[in-house]
Amino acid sequence: MSETSGPGNLGHVAFLGLGHMGGPMAVNLVKAGYTVAGFDVVPAALDAARDHGVPTVATPAEAVNGADVVLTMFPGGQHVLSAYRGNGGQPGLLEVAAPDTMFLDCSTINVDEAREASALAVAAGHRAVDAPVSGGVVGAEAGTLTFMVGALPEDFDTVRPLLEVMGKRVVHCGDHGAGQAAKVCNNLILGVSMIAVSEAFVLGEKLGLTHQALFDVASAASGQCWALTTNCPVPGPVPTSPANRDYQPGFAGALMAKDLKLALNALQGTGVAARMGPLASEIYDTFAAEGGAGRDFSAIITDIRDKSAH
Ligand code: NAD
């Protein structure tokens, strides 16, 4: 264990992946007194993190040196697995870390990849936790993320205080991979329900209903859901929803397309007789490819409206 002054027994954190989410998460750890060694392959991300007070280093090996926990916040599973294993002559993180290091991956990746990453870490003599998040960049900055955690019970207890610095809700979902499983199931519900809410609003328009009338009924009836009452895809009924600011994210269409692809992989891998999930994945793929990647995912309603008969 490190001799640093950070709180708890995971006081020294190697933080790899200082992007939109990782950058502010690392800042919150620094503010809470953790010793952080930050690293990113993109120099601009390193500079930004340093400007916000996160100490950075020049190589992954330097970050991992002396660390109690190796926290990764990468775009996808291939990044996690290749960083763990090493690539292009670079030694893997698993190899350079001291024995019994906690490998904590907070990226959103395939359930199978998460289980593989955990198995690799454990086989190399380490401990492993998958802890994907929801709450977006706003939650990362405010330290109000939700963590969905897949871990052995004793490892969950160990990482919990660290996660509580960056989040307001930390849920133990089960063994390795269970955090990703919970995340993918939740986002399957979210993607499908946003499409359903959007189709209903466009149908309401065609039938002469005002947005407010449909909202007033559905939000207090069986159509009630987060896509309607928090992220309402039409401007007006929920003043804080992205629809009121020309669909600035929020939760970007590219991320919904990515998460539904993970859901699709899991549905196919497990043989679930799903029809809505694959369709939602296809719909958000098209949305992202046709200009929706950087817009909030609720802008799917504009696609539905535009493609409807006039
Ligand atoms: P991002 O692309 O902004 O950040 C990822 C960072 O990882 C980049 O800076 C990249 O350079 C770095 N990186 C990649 N490979 C690396 C390596 N081997 N070593 C060091 N750094 C490396 O992405 P983000 O928006 O921060 O998202 C990170 C993860 O969180 C993703 O898996 C995403 O699906 C998930 N997530 C994002 C949001 C969101 O709103 N942005 C919400 C929930 C979950």
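Residues numbered from 1 in each chain as written. Predicted model: local features only at pLDDT ≥ 70, side-chain atom pairs only at ≥ 80, totals over all residues. Heavy atoms only, no water.

Side chains on a regular strand alternate between the two faces of the sheet. What you see with strand S6 (residues 102–105) is no split at all: Met102 and Leu104 on one side and Phe103 and Asp105 on the other are buried throughout. Of the pairings in the sheet, the one linking strand S3 (residues 69–72) to S6 comprises four bridges and is parallel in character. By the bridge assignment for S6, threonine 72 is matched with aspartate 105. Of the pairings in the sheet, the one linking S6 to strand S7 (residues 127–130) comprises four bridges and is parallel in character. Paired with aspartate 105 across the strands is aspartate 130, a residue of S7. (Buried < 20%, exposed > 50% of the residue type's maximum accessible area, 1.4 Å probe, protein only. Helix = DSSP H or I, 4+ residues; strand = E, 2+ residues; numbered from the N terminus. Pairing = 2+ DSSP bridges.)

To continue, consider the domain arrangement of the chain. Annotation of the chain at the domain level lists domain 1 (12–176) and domain 2 (182–307). For domain 1 and domain 2, the distance between their C-alpha centres works out to 29 Å. Each partner contributes residues to the interface: domain 1 has eleven residues there, and domain 2 has seven residues. Taken together, both faces of the contact between domain 1 and domain 2 bury some 670 Å²; the carbon and sulfur share is 63%. Looking at the side of domain 1 facing domain 2, the largest losses of area belong to Thr108, Asn110 and Met148, adding up to 58% of the total buried there. At the junction of domain 1 and domain 2, the tally comes to zero salt bridges. Our enumeration of links across domain 1 and domain 2 arrives at four residue pairs in polar contact (both at pLDDT 80 or more). When its residues are assigned to classes, the side of domain 1 that touches domain 2 shows seven nonpolar, four polar and no charged. (Domains from an automatic or database assignment. Contact = heavy atoms within 4.5 Å. Buried area = accessible area lost by both parts, 1.4 Å probe. Salt bridge = Lys/Arg side-chain N within 4 Å of Asp/Glu carboxyl O. Polar contact = N/O pair within 3.5 Å; in protein donor to acceptor, adjacent residues only side chain to side chain. Nonpolar A, V, L, I, M, F, W, Y, C, P; charged D, E, K, R; others polar.)

Turning our attention to the site of the ligand. Neighbouring the ligand are 20 residues, the closest being His20, Met21, Asp40, Phe74 and Lys258. Within the side chain of histidine 20, one N or O atom sits 2.7 Å away from an oxygen atom of the ligand. With respect to the ligand, the backbone of methionine 21 contributes an N or O atom lying 2.8 Å from an oxygen atom. Among the secondary structure elements, those contributing two or more residues to the shell around the ligand are helix H7 (136–142) and helix H12 (253–270). Of the residues assigned to the shell around the ligand, the class counts are ten nonpolar, seven polar and three charged. (Near = heavy atom within 4 Å.)

Another point: the packing of H12 against helix H13 (residues 276–292). Running from N to C, H12 and H13 cross one another at 150°; their axes reach a closest spacing of 8 Å. It follows from the interaxial angle that H12 and H13 lie roughly antiparallel. The two elements H12 and H13 meet at a crossing, and its hand is left-handed. Side by side, H12 and H13 meet where Gly253, Ala254, Met256, Ala257, Leu260, Lys261, Leu264 and Leu267 of the first sit next to Gly277, Pro278, Ala280, Ser281, Tyr284, Asp285, Phe287, Ala288 and Gly292 of the second. Looking at the contact of H12 with H13 residue by residue, the class counts come to eleven nonpolar, four polar and two charged. (Axes fitted to C-alpha atoms, helices over the stretch in contact; angles between N-to-C directions. Parallel < 35°, antiparallel > 145°, perpendicular 65-115°, else oblique. Left-handed = near helix turned anticlockwise from the far one by under 90°.)

The next point concerns the side chain of aspartate 40. You can see aspartate 40 is positioned in the loop between strand S2 (35–39) and helix H2 (43–51). An unpaired buried charge is present at aspartate 40: no salt bridge exists, and arginine 50, the closest side chain of opposite charge, is 11 Å distant. A polar contact of 2.7 Å, which involves the side chain of aspartate 40, links it to the backbone nitrogen of leucine 18. Among the polar contacts listed, one links the side chain of aspartate 40 to the backbone nitrogen of valine 42, at a separation of 2.8 Å. Apart from residues lying up to four places away in sequence, aspartate 40 is in contact with Gly17, Leu18, Gly19, Ala45 and Leu46. (Lys, Arg positive; Asp, Glu negative; His and termini not counted.)

Taking every second residue as pointing to the same face, both faces of S7 are buried, with Arg127 and Val129 on one and Ala128 and Asp130 on the other. In this region the chain leaves S6, passes through helix H6 (residues 111–123) and returns to the parallel neighbour S7; the handedness of that crossover is right-handed. (Right-handed = clockwise from strand over helix to strand, strands pointing away.)

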